[in-house]
Amino acid sequence: MADPSVLRFPSGDGQELAYREVGRGRPFVLLHGFMASGLMWLHHGLVTRLADQGYRVILPDFRGHGVSARPHDPAGYPPDVLAEDGIALIEHLGLDDYDLGGYSLGAKVVLRLLARGAHPARAIVAGQGLSSINGTSTRSGLYRRVLTALAEGTALEPGSPEERLAGWLADTGVDPVALSLVLDSIVGTTDAELREIKTPALVVVGEEDTSQANADELAATLPDARFARVPGDHGTALLSPELTEVITNFLVGQEKA
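The following paragraphs examine the structure supplied in this document.

Cut-offs applied
Position labels on residues start from 1 in each chain and follow its written sequence. Residue-level local features of this predicted model are given only where pLDDT is at least 70; pairs of side-chain atoms are given and counted only at 80 or more, and the full residue set underlies all totals for whole chains, interfaces and linings. Values reported for side chains reflect all heavy atoms of the structure, with hydrogen atoms and water molecules removed beforehand. Counting from the N terminus, the helices are DSSP H or I runs at least four residues long and the strands are E runs at least two residues long. We compute the radius of gyration over the C-alpha atoms and compare it with the globule rule, which gives 2.2 Å times the number of residues raised to the power 0.38. Per-residue accessibility, obtained with a 1.4 Å probe over protein chains only, is compared with the maximum for each type, and a residue is labelled buried under 20%, exposed over 50%, and partly exposed between these values. By definition in these notes, contact holds between two residues if any of their heavy atoms fall within 4.5 Å. For every accessible area listed, the method is Shrake-Rupley and the probe measures 1.4 Å; residues are considered covered only by the protein chains on display. As used throughout, the charge tally considers Lys and Arg to be positive and Asp and Glu to be negative, leaving His and the chain termini uncounted. Here the site of a charge means atom NZ of a Lys, CZ of an Arg, CG of an Asp or CD of a Glu. Whenever a helix is involved, its axis is fitted only over the stretch in contact; in every case the axis is a line through C-alpha atoms, and angles between N-to-C directions fall within 0 to 180 degrees. Crossings are classed by handedness, with left-handed meaning an anticlockwise turn of the near helix from the far one by less than a right angle and right-handed meaning a clockwise turn. Under the scheme applied, nonpolar residues are Ala, Val, Leu, Ile, Met, Phe, Trp, Tyr, Cys and Pro; charged residues are Asp, Glu, Lys and Arg; polar residues are all the others, including Gly. Between any two strands, pairing holds if DSSP finds at least two bridges. Seen with its strands pointing away from the viewer, a crossover is right-handed if its path from the first strand over the helix to the second goes clockwise. The nonpolar core is taken to be a set of buried Ala, Val, Leu, Ile, Met, Phe, Trp, Tyr and Cys residues, with the residues joined through side-chain atoms within 4.5 Å. Put simply, the grid is 1 Å and covers the protein atoms alone, a cavity is a trapped set of points that fit a 1.4 Å probe, a pocket is an open set with protein on both sides within 12 Å along at least five of seven lines, and lining residues have an atom within 4 Å of a point. Grid points are joined across faces, edges and corners, and a volume is the space filled by probe spheres set on the points. Roughly parallel here means an angle under 35 degrees, roughly antiparallel means over 145, roughly perpendicular means 65 to 115, and every remaining angle is called oblique.

Our focus in this paragraph is the overall build of the chain. In terms of regular secondary structure, the chain is built from 10 helices and 8 strands. Radius of gyration (C-alpha) of the chain: 17 Å, near the 18 Å computed for a compact globule of 257 residues. Taking the principal axes of the C-alpha coordinates as reference, the chain spans close to 55 × 40 × 35 Å. Classification of the 257 residues of the chain by burial places 52% in the buried group. Within the chain, residue pairs in contact and separated by at least 24 positions form 71% of the contacts whose partners lie at least 6 positions apart. Of the roughly 11000 Å² of accessible surface on the chain, 50% is carried by carbon and sulfur atoms. Averaging the locations of the 21 positively and 34 negatively charged side chains of the chain gives two centres separated by 4 Å.

With that settled, consider the packing of helix α5 (residues 141-152) against helix α7 (residues 176-185). Packing of α5 against α7 leaves a shortest axis separation of 8 Å and a crossing angle of 145 degrees. Our pair here, α5 against α7, has a crossing hand that is left-handed. Contacts from Tyr-143, Arg-144, Leu-147, Thr-148, Leu-150 and Ala-151 of α5 reach α7 at Pro-176, Val-177, Leu-179, Ser-180, Leu-183 and Asp-184. Taken together, the residues of the contact of α5 with α7 break down into 8 nonpolar, 2 polar and 2 charged.

Further remarks concern the pairing of strand β3 (residues 26-31). For a regular strand, the rule is simple: side chains alternate between the two faces of the sheet. A large share of β3 lies buried, amounting to 6 of its 6 residues. The two faces of β3 match: Arg-26, Phe-28 and Leu-30 on one face and Pro-27, Val-29 and Leu-31 on the other face are all buried. As judged from the 4 bridges shared by β3 and strand β4 (residues 55-60), these two strands associate in the parallel manner. Residue pairing across strands places Val-29 opposite Ile-58, the latter belonging to β4. Crossover handedness for the path β3 to helix α1 (residues 46-52) to β4: right-handed.

Our focus in this paragraph is the nonpolar core. Counting 54 residues, the largest nonpolar core has Leu-31, Phe-34, Leu-111, Leu-194, Leu-218 and Leu-222 as the members making the most contacts within it. In this structure, Leu-222 is in contact with Leu-111, Leu-194, Ile-197, Ala-201 and Val-203, ignoring residues within four places of it in sequence. Val-22, Leu-30, Ile-247 and Val-252 belong to the second largest nonpolar core, which has 26 residues in total.

Our focus in this paragraph is empty space enclosed by the protein. On inspection of all chains with the given rule, the structure shows 2 cavities of 30 Å³ or more. Taken as a whole, the largest cavity holds about 120 Å³ of empty space. Around the largest cavity, the lining is made up of 15 residues, and of these Pro-60, Phe-62, Leu-82, Asp-85 and Gly-86 lie nearest the centre. Among the elements of the structure, β3, α2 (81-93) and α3 (105-115) are those that each provide at least two residues to the lining of the largest cavity. Here the residues of the lining of the largest cavity are counted per class, giving 11 nonpolar, 1 polar and 3 charged. As a volume, the second largest cavity reaches approximately 70 Å³.

Tracing the sequence through the fold places Val-47 in helix α1. Residue class for Val-47 comes out buried when judged on its relative accessible area of 1%. For Val-47 and Leu-111, which are 64 residues apart along the polypeptide, the C-alpha to C-alpha distance reads 21 Å.

Turning our eyes to something else, we now look at the packing of α5 against helix α6 (residues 161-172). Axis separation between α5 and α6 bottoms out at 10 Å; the angle between their running directions is 60 degrees. Judged by the angle between their axes, α5 and α6 are oblique. Where α5 crosses over α6, the handedness of that crossing is right-handed. Each of Leu-142, Tyr-143, Arg-145, Val-146, Leu-147 and Leu-150 in α5 lies in contact with α6, whose residues at this interface are Glu-162, Leu-165, Ala-166 and Leu-169. Tallied by class, residues from the contact of α5 with α6 come to 8 nonpolar, no polar and 2 charged.

Shown next, in the form of structure tokens:
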């Protein structure tokens, strides 16, 4: 699939943010993971499948990511700013009857949007577990160390996981300063907030995703959630045909019900 054209919308604080669209029909806002962009969804089959099923798939780039604004001023990353930007996009597009989904960080933002009053008809929460959602996970420590080293030009231990990640990030052209500030802006969602979310949701995770091993507990905390596992770990589950299948079946099956 050729990359769709970049469209723009203003955030609440005046930053210029980017999104793309594929297909026509029912709107589905689909959020990407940390250090990625909306383009990550174009190479795994899900977007094409949903477009063929009559969906208009909307793929924003988070602030600090992709071709969206990447301010280096900490004031550009207040708490929960990614959810604020999501609200701005929904309002900009005038969405009323729509679906919402995300993977990894994108799933965390989906739950922040729901906790803050967004009302999609259905939600996809993929690649997340309860401990990461409510803020008790320390998984971001590796990212922080590597992004700080890249921003400051500090050498990392040869052969270490940090050095390998730093090499990969350097090749992708990410902005380590902006991404560090994004991490500082992330807000957890409490169990009490989760229990107030009434939107029908699908929680789906890779069978080998040990970082999100308690995704089933997340599904059990949400009042109206289905739970599914697909092959793969946190990275490879995104590539699995089974992920495309379970998400499509949930969305299309719910729509036909």
